[in-house]
Amino acid sequence: DAAVEQASALSDAEACRNIASALSTRSEHDAAARFARLSTVLAPNNGTGWFQLGSALAKVERYQEALDALTEAVALDPRNQTRRATLGQIYAHTGRLDEARQVFRGILQHDPVNPLAWSSLAHLASQTQNTRDPDAIARKISEELAGDRALAAAPATPVSAPARGTSRLRLAHRLLALLPPG
């Protein structure tokens, strides 16, 4: 009986997430948040429900609740860069720039050429007293990433695979030098 109840709760949680998604698509974010919250009650270990909840709450400007939900989503799946990036964006939006910077730099530890993390760091750099020209930073990042995409598109061979990894590390170090410390 317990297994049947658990399966039923998971199915109900998935239904709530589907409804939340549909409501969010229709810009009914308050209602979407209610269904997403219900999905987290029914399946508290499912990061997707927590992510949906955080996203919906952010859209209705309930930022602290959104941060709490997104923090839970990241804790459940720390390798999900989309969830981490959304958390960083909410930190940045609420003026918690050091925390945002830490999140985006953490993303770069797992994915050194993540364009969202780099563009977010460039944007944060433009908001601090260590300002450099944000347009120049963004252009340089775009140029560097375009060069890296060309390398990534090359067919993988036993010789090119290590070169690709080395190139990405060099790229990450060059881009990191563009940003002010902090």
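A short tour of the structure in this document, coming up. Per chain, the residues get numbers from 1 upward, laid out in the order the sequence is written. Under the rules for a predicted model, residues below a pLDDT of 70 receive no local features and side-chain atom pairs below 80 are neither given nor counted, while totals for whole chains, interfaces and linings still include all residues. Processing note: side-chain calculations cover all non-hydrogen atoms of the structure and skip hydrogens and water entirely.

Details of the overall build of the protein
For step 1, the next point in the chain: On a plain count of helices and strands, the protein comes out with 9 helices and 0 strands.
For step 2, the next point in the chain: Numbering of helices and strands starts at the N terminus; helices are DSSP runs of H or I of at least 4 residues and strands are runs of E of at least 2. Counting helices and strands in the order they occur from the N terminus, the protein gives α-α-α-α-α-α-α-α-α.
For step 3, the next point in the chain: For every residue, the accessible area (1.4 Å probe, protein chains only) is compared with the maximum for its type, and the residue is labelled buried under 20%, exposed over 50%, or partly exposed between those bounds. Going through the 182 residues of the protein one by one, you find that 38% of them count as buried.
For step 4, the next point in the chain: Working rule for contacts: check all heavy atoms of both residues, and any pair within 4.5 Å makes them a contact. The long-range fraction of contacts in the protein, counting pairs at least 24 apart against all pairs at least 6 apart in sequence, stands at 47%.
For step 5, the next point in the chain: By element, 54% of the accessible surface of the protein is carried by carbon and sulfur atoms, the whole surface being about 10200 Å². The accessible surface values rely on the Shrake-Rupley method and a 1.4 Å probe; as for residues, cover is taken only from the protein chains in view.

Some thoughts on the nonpolar core
If you look at soluble globular proteins, the nonpolar side chains tend to sit buried side by side.
For step 1, the next point in the chain: As used here, the term nonpolar core means buried Ala, Val, Leu, Ile, Met, Phe, Trp, Tyr and Cys residues forming a set that is joined through side-chain atoms within 4.5 Å. Ranked by size, the top nonpolar core spans 32 residues in total, and within it Leu53, Leu87, Tyr91, Phe104, Ile107, Leu121 and Leu124 carry the most contacts.
For step 2, the next point in the chain: Of all the secondary structure elements, the ones that give two or more residues to this core are helix H1 (2-25), helix H2 (29-42), helix H3 (47-59), helix H4 (63-76), helix H5 (81-93), helix H6 (97-110) and helix H7 (115-127).
For step 3, the next point in the chain: Setting aside residues no more than four positions away along its own chain, Leu124 makes contact with Ala92, Leu97, Ala100, Arg101 and Phe104.

Description of the pattern of salt bridges
For step 1, the next point in the chain: Between Lys or Arg on one side and Asp or Glu on the other, a salt bridge is scored when a side-chain nitrogen of the former is within 4 Å of a carboxyl oxygen of the latter. Going through the model one piece at a time under the given rule, you end up with 6 salt bridges.
For step 2, the next point in the chain: Arg101 is the partner of Asp98 in a salt bridge, and the nearest nitrogen-oxygen pair spans 2.8 Å. Here Asp98 pairs with Arg101, and both are found in helix H6, just 3 residues apart, close to one helical turn.
For step 3, the next point in the chain: Relative accessible area serves as the criterion here: at 10%, Arg101 is assigned to the buried category.
For step 4, the next point in the chain: Salt bridges sharing partners connect three or more residues here, namely Arg37, Arg62 and Glu65.

Section: the side chain of Gln52
For step 1, the next point in the chain: Residue placement: Gln52 occurs in helix H3.
For step 2, the next point in the chain: For Gln52, the contacting residues outside a window of four places in its chain are Arg17, Ala20, Ser21 and Ala36.

So, a nonpolar patch on the surface
For step 1, the next point in the chain: Here a patch means residues that are over 30% exposed by relative accessible area and free of salt bridges, tied together within 9 Å if like-charged and within 5 Å if nonpolar (Val, Leu, Ile, Met, Phe, Trp, Tyr). A surface patch of nonpolar side chains, amounting to about 330 Å² of accessible area, comprises Ile19, Phe35, Leu38 and Val41.
For step 2, the next point in the chain: Tallying contributions element by element places H2 first for the nonpolar patch, with 3 residues.
For step 3, the next point in the chain: Tracing the backbone through its elements, the reader meets Val41 in helix H2.
For step 4, the next point in the chain: A relative accessible area of 60% places Val41 in the exposed class.

Observations concerning the packing of H6 against H7
For step 1, the next point in the chain: Each axis is a line fitted through C-alpha atoms, taken for helices only over the stretch in contact, and angles between the N-to-C directions span 0 to 180 degrees. At a minimum axis separation of 9 Å, H6 and H7 run at an interaxial angle of 155°. Between H6 and H7, the crossing angle belongs to the class labelled roughly antiparallel. Crossing angle aside, the handedness with which H6 passes H7 is left-handed. Across from Leu97, Ala100, Arg101, Phe104, Arg105, Ile107 and Leu108 in H6, the residues of H7 making contact are Ala117, Trp118, Ser120, Leu121, Leu124 and Gln127.
For step 2, the next point in the chain: Gly falls in the polar group here, along with every residue not listed as nonpolar (Ala, Val, Leu, Ile, Met, Phe, Trp, Tyr, Cys, Pro) or charged (Asp, Glu, Lys, Arg). Of the residues belonging to the contact of H6 with H7, the class tally is 9 nonpolar, 2 polar and 2 charged. Note that the term roughly parallel is reserved for angles under 35 degrees, roughly antiparallel for angles over 145, roughly perpendicular for angles of 65 to 115, and oblique for everything else. Crossings are classed by handedness, with left-handed meaning an anticlockwise turn of the near helix from the far one by less than a right angle and right-handed meaning a clockwise turn.

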